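# Descriptive structure summary
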Amino acid sequence: MKGFAAAFLVWALVSPQGGGETWPAHTACRDGNLEVLYQSCDPLQDFGFSADQCSKQLKPNLNIRFGIVLREDIEELFLDVALFAKGSSILKFSYPVCEVDLPKFSFCGRKKGEQIYYAGPVNNPGFEIPVGEYQVLLELYNRDHSTVACANATVTCS
């Protein structure tokens, strides 16, 4: 009986929302005509993210906040982004966030079990977000292609 109770406790702790359900949707930003919601697509953990500026006119240096406890080492870290509108793929790209010889952020090189909290700018091309609803799939993974964080985001611009 004790073995069953221990197994159930472990299952309850590692399963989001008690198993089978998804992580809750979070608001990354909301301001007037723009709303960005995201939900972790990693079945084992959620994470925190927010953007300081929430405007249809995306500025070149966007200030963000991101927090997570690492389940994998991130000597190298990559970001894949896929953008969809009305079910059609619009844009896909990959970006090296951390490289062995070129660490771009202070958290590069962190080890499994460590916490990352980043608050600061990220460089991106400035542009105006067109009116519509967009789905964005973001995946952070290390050099072994192990998922570090994964999110499904919905961007609604009116």
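Preceding this section is the structure that the text describes.
Definitions and cut-offs
- Residues numbered from 1 in each chain as written.
- Predicted model: local features only at pLDDT ≥ 70, side-chain atom pairs only at ≥ 80, totals over all residues.
- Heavy atoms only, no water.
- Helix = DSSP H or I, 4+ residues; strand = E, 2+ residues; numbered from the N terminus.
- Polar contact = N/O pair within 3.5 Å; in protein donor to acceptor, adjacent residues only side chain to side chain.
- Contact = heavy atoms within 4.5 Å.
- Pairing = 2+ DSSP bridges.
- Axes fitted to C-alpha atoms, helices over the stretch in contact; angles between N-to-C directions.
- Core = buried A, V, L, I, M, F, W, Y, C linked by side-chain atoms within 4.5 Å.
- Buried < 20%, exposed > 50% of the residue type's maximum accessible area, 1.4 Å probe, protein only.
- Disulfide = S-S within 2.5 Å.

## Brief notes about unusual backbone geometry
A positive phi angle, close to 50°, is found at Lys86, a residue other than glycine. If you trace the backbone, Lys86 turns up in the loop between β6 (77-85) and β7 (88-99). Phi is positive for His145, which is not a glycine, with a value near 65°. One can find His145 in the loop between β11 (132-142) and β12 (147-157).

## So, the side chain of Gln45
With respect to the secondary-structure elements, Gln45 resides in the loop between β2 (34-40) and β3 (48-51). Looking at Gln45, its side chain comes within polar contact range of the main-chain oxygen of Val69, at 3.0 Å. For Gln45, the contacting residues outside a window of four places in its chain are Trp23, Ser40, Ile68, Val69, Arg71 and Val148.

## Regarding the pairing of β6
Alignment of β6 against β7, held across 9 bridges, turns out to be antiparallel. Looking at the pairing, Phe78 lines up with Pro96 of β7. Here β6 hands over to β7 after 2 residues, with Lys86 in that stretch at a positive phi of 50°. Both β6 and β11 contribute to a ladder of 8 bridges, which runs antiparallel. Considered in β11, the bridge of Ala82 is made with Leu137.

## Digging into the sheet that holds β3
Overall, antiparallel pairing links the 3 strands, which are arranged β3-β5-β9 in an open sheet. Both outer strands of the open sheet, β3 and β9 (115-123), are each paired with one neighbouring strand and no more. Strand-to-strand twist of the sheet, defined as the mean angle between neighbouring strand axes without regard to direction, takes the value 10°. Relative to strand β5 (residues 61-69), β3 runs antiparallel, the two sharing 4 bridges. Bridge pairing links Phe49 to Phe66 in β5.

## Examining the nonpolar core
Ranked by internal contacts, the top residues of the largest apolar core, which has 36 residues, are Leu77, Val97, Phe107 and Leu140. The set of elements that each furnish at least two residues to this core consists of β1 (26-31), β2, β5, β6, β7, β9, β11 and β12. Apart from the residues lying within four places of it in its own chain, the contact partners of Phe107 are Ile74, Leu77, Val97, Cys98, Ile116 and Tyr118.

## What to know about the state of the cysteines
In total, this model carries 3 disulfides according to the counting rule given. Paired by a disulfide, Cys29 and Cys54 hold their sulfur atoms 2.3 Å apart. Classification of the bridge connecting Cys29 and Cys54 rests on its S-S torsion, roughly 60°, and on that basis the disulfide is right-handed. Taken together, the positions of Cys29 in strand β1 and Cys54 in the loop between β3 and β4 (57-58) put the pair 25 residues apart, joining distant regions of the chain. Since its relative accessible area comes to 9%, Cys54 is described here as buried. In this model Cys41 forms its disulfide with Cys150; the gap between the sulfur atoms is 1.8 Å. On the sign convention where negative is left-handed, the bridge of Cys41 and Cys150, at about -85° about the S-S bond, is left-handed.

## Points about the sheet that holds β11
The antiparallel open sheet is built from 7 strands, whose spatial order is β1-β2-β12-β11-β6-β7-β8. The open sheet has two edge strands, β1 and β8 (102-103), and neither has a second partner. Pairing between β1 and β2: 5 bridges, direction antiparallel. Residue Arg30 lies in a different strand from β2, and its bridge partner there is Glu35.

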